[in-house]
Amino acid sequence: MKKLLFVFNPHSGKAQIKNKLSSIVQIFCEAEYELTIYSTRASKDGYQYILNNGDKYDIIVCSGGDGTLNETVGAVMKFDKRIPIGYIPSGSTNDFATTLHIPKNMIKAAAAITDGIKFSCDIGLMNGERNFNYIAAFGAFTKVSYETSQQLKNMLGHQAYIIEGVKSLTSLKPQYVKVKSDDIIIEGNFIYGMVSNTESVAGVKGITGFGIDLQDGLFEVLLVRELKGPLDIQRLINTIITQKYEEDGLVCYFKAKHIEFESGMDISWTLDGEFGGDYKSAYFDVIEGAVDFIVPNQDTAEGKAKSKE
């Protein structure tokens, strides 16, 4: 009998997992897993528990927001053996789950794990030590996810990010940054920058470009220059909608395997929605196919989930 470790954040999203837990457990038991359940108590608690105990299991499943998944991946990448990861999203936005086509419905997500298939996914590494699953970013809106209270997230869901994001615009200041990658050198004053491997950011699809491939060994890099008035804001919106980045000087967009950022002042980075540290210089690398995620097998998961709802 295969062993499954299930680690969940009881406060993520609107704490709905408390009402779904028995159904999720039943799905795993019916799939004949020997099940261990762990409820996290604080930030990094899940990471430490998995790091200490996870190598005893055949599969590790986590439930929570993007931060919970980040902790799980970070711990699993420390193991010598390759353990597949299942994900049951319960956060307010869950960008990476959307990119992996994991159902938002927790029961369906659990069923998809038992009948799922492995998907080897690229993972990002910052400064050679800290991983991120889908995005590293600085500037506008990046502090919103970790500075917004859990209570407000639970009450308003995705709207909480929008409310706090609008507040942050009043204190927005551009930063001078020099960006290098292979033969590309870009410098100037930027209000936002991101290194990503995802189809959506903050619930918005398409902002990272189209035709995103999580297995191509490349990041999508997007930089937004300083906005000097309402006309620039409108130009930015139009550019993002049309994706014609090369035709507008406000947005710089390219793909790369290795990227370096340098600035005369500390840049505050966000990794998968969590605070990633302040650095005058930072570099990012792709680890190709670093982690196996369990993604839905659409032919079999739907029926099993429906019977448990």
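Refer to the structure presented above.
Residues numbered from 1 in each chain as written. Predicted model: local features only at pLDDT ≥ 70, side-chain atom pairs only at ≥ 80, totals over all residues. Heavy atoms only, no water.

Undergrad: What is the right way to read the overall build of the chain from this model?
TA: When you go through the chain residue by residue, the secondary structure sums to 10 helices and 15 strands. Relative to its 309 residues, the chain shows a buried fraction of 51%. At a minimum sequence separation of 6, the contacts of the chain that also span at least 24 residues come to 75%. For the chain, the computed accessible surface area is about 14,400 Å², with 51% contributed by carbon and sulfur atoms. (Helix = DSSP H or I, 4+ residues; strand = E, 2+ residues; numbered from the N terminus. Buried < 20%, exposed > 50% of the residue type's maximum accessible area, 1.4 Å probe, protein only. Contact = heavy atoms within 4.5 Å. Areas by Shrake-Rupley, 256 points an atom, 1.4 Å probe, with all protein chains shown as cover.)

Undergrad: It is not clear to me how helix 5 (residues 106–114) should be interpreted in this structure. Could you clarify?
TA: The periodicity of an α-helix, 3.6 residues per turn, causes residues three or four places apart in sequence to face the same way. Of all nine residues in helix 5, eight are buried; the element is thus mostly enclosed. Those residues of helix 5 that sit buried are Met106, Ile107, Ala109, Ala110, Ala111, Ala112, Ile113 and Thr114.

Undergrad: Got a minute to help me understand the pattern of salt bridges in this structure?
TA: Pairing between side chains of opposite charge can happen when their charged atoms approach one another. Within the structure shown, the criterion is met by six salt bridges. Among the ionic pairs, Arg82 bridges to Asp292, the shortest N-O distance being 2.8 Å. Of this pair, Arg82 sits in the loop between helix 3 (66–76) and strand 4 (85–89) while Asp292 sits in strand 15 (residues 274–295), and the two are 210 residues apart along the sequence. Asp266 is paired through a salt bridge with Lys280; the nearest N and O atoms lie 3.5 Å apart. Remark: Lys280 occurs in strand 15 and Asp266 occurs in strand 14 (residues 258–271); sequence separation between them is 14 residues. Three or more residues joined by partner-sharing salt bridges are found here, namely Lys180, Glu260 and Glu262. (Salt bridge = Lys/Arg side-chain N within 4 Å of Asp/Glu carboxyl O.)

Undergrad: Help me out: how do you make sense of the packing of aromatic side chains in this one?
TA: Two aromatic rings, taken as a pair, are described by how far apart their centres are and by the angle between their planes. Within the structure shown, the criterion is met by 12 aromatic pairs. Between Phe138 and Phe261, the aromatic rings sit 6.1 Å apart at their centres with planes inclined by 80°, giving edge-to-face as the arrangement. Separated by 123 residues along the polypeptide, Phe138 in strand 7 (residues 135–139) and Phe261 in strand 14 bring together distant segments of the chain. With a relative accessible area of 0%, Phe138 lands in the buried category. Look at Phe138 and Trp269: their rings are 5.2 Å apart centre to centre, the planes differ by 75°, and that puts the pair in the edge-to-face class. Of the two residues, Phe138 is situated in strand 7 and Trp269 in strand 14; the sequence distance between them amounts to 131 residues. Clustering of aromatic rings is evident, with ring pairs tying together Phe132, Phe138, Phe219, Phe261, Trp269 and Phe284. (Phe/Tyr/Trp six-rings, centres within 6.5 Å; stacked < 30°, edge-to-face > 60°.)

Undergrad: Looking at this structure, how should I read unusual backbone geometry?
TA: What you tend to see is this: most non-glycine residues have negative phi, and most peptide bonds are trans. Backbone geometry at Lys44 places phi at a positive 75°, although glycine is not the residue there. With respect to the helices and strands, the residue Lys44 is situated in the loop between strand 2 (33–39) and helix 2 (45–53). We classify Lys44 as partly exposed; its relative accessible area is 42%. Of note in this structure, Asn127 is not a glycine but carries a positive phi near 55°. Counting through the fold element by element, Asn127 comes out in the loop between strand 5 (117–126) and strand 6 (130–132). A relative accessible area of 16% means that Asn127 is categorised as buried.

Undergrad: Explain the packing of helix 1 (residues 17–30) against helix 5 to me, please; I cannot follow it from the model alone.
TA: Geometrically, a packed helix pair is captured by the angle between its two axes and the distance between the axes. Running from amino to carboxyl end, helix 1 crosses helix 5 at an angle of 20°, the nearest separation of the two axes being 9 Å. As summarised for this structure, helix 1 and helix 5 are arranged roughly parallel, according to the angle between their axes. Here helix 1 and helix 5 pass one another in a crossing that is right-handed. Residues Ile17, Lys20, Ser23, Ile24, Ile27 and Phe28 of helix 1 pack against Met106, Ile107, Ala110, Ala111, Ile113 and Thr114 of helix 5. When its residues are assigned to classes, the contact of helix 1 with helix 5 shows nine nonpolar, two polar and one charged. (Axes fitted to C-alpha atoms, helices over the stretch in contact; angles between N-to-C directions. Parallel < 35°, antiparallel > 145°, perpendicular 65-115°, else oblique. Left-handed = near helix turned anticlockwise from the far one by under 90°. Nonpolar A, V, L, I, M, F, W, Y, C, P; charged D, E, K, R; others polar.)

Undergrad: Just to check I follow, could you spell out the environment of Ile294 for this structure?
TA: If you trace the backbone, Ile294 turns up in strand 15. Overall, Ile294 belongs to the buried group, its relative accessible area being 9%. Separated by 209 residues in sequence, Ile294 and Ile85 have C-alpha atoms that sit 5.9 Å apart.

Undergrad: Would you take a moment to explain the nonpolar core for this structure?
TA: One recurring pattern in soluble globular proteins: nonpolar side chains tend to sit buried together. Membership of the largest hydrophobic core comes to 58 residues, with the highest contact counts inside it found for Phe6, Ile24, Phe28, Ile88, Tyr192 and Phe293. The dominant element in this core, judged by the number of residues it contributes, is helix 5, at six residues. Setting aside residues no more than four positions away along its own chain, Ile24 makes contact with Phe6, Ile17, Ile88, Met106, Ile107 and Ala110. (Core = buried A, V, L, I, M, F, W, Y, C linked by side-chain atoms within 4.5 Å.)

Undergrad: Would you explain the side chain of Ser181 in this entry?
TA: Along the chain, the position of Ser181 falls in strand 8 (residues 175–181). Engagement of the side chain of Ser181 in a polar contact is seen with the backbone oxygen of His258, the distance being 2.7 Å. (Polar contact = N/O pair within 3.5 Å; in protein donor to acceptor, adjacent residues only side chain to side chain.)

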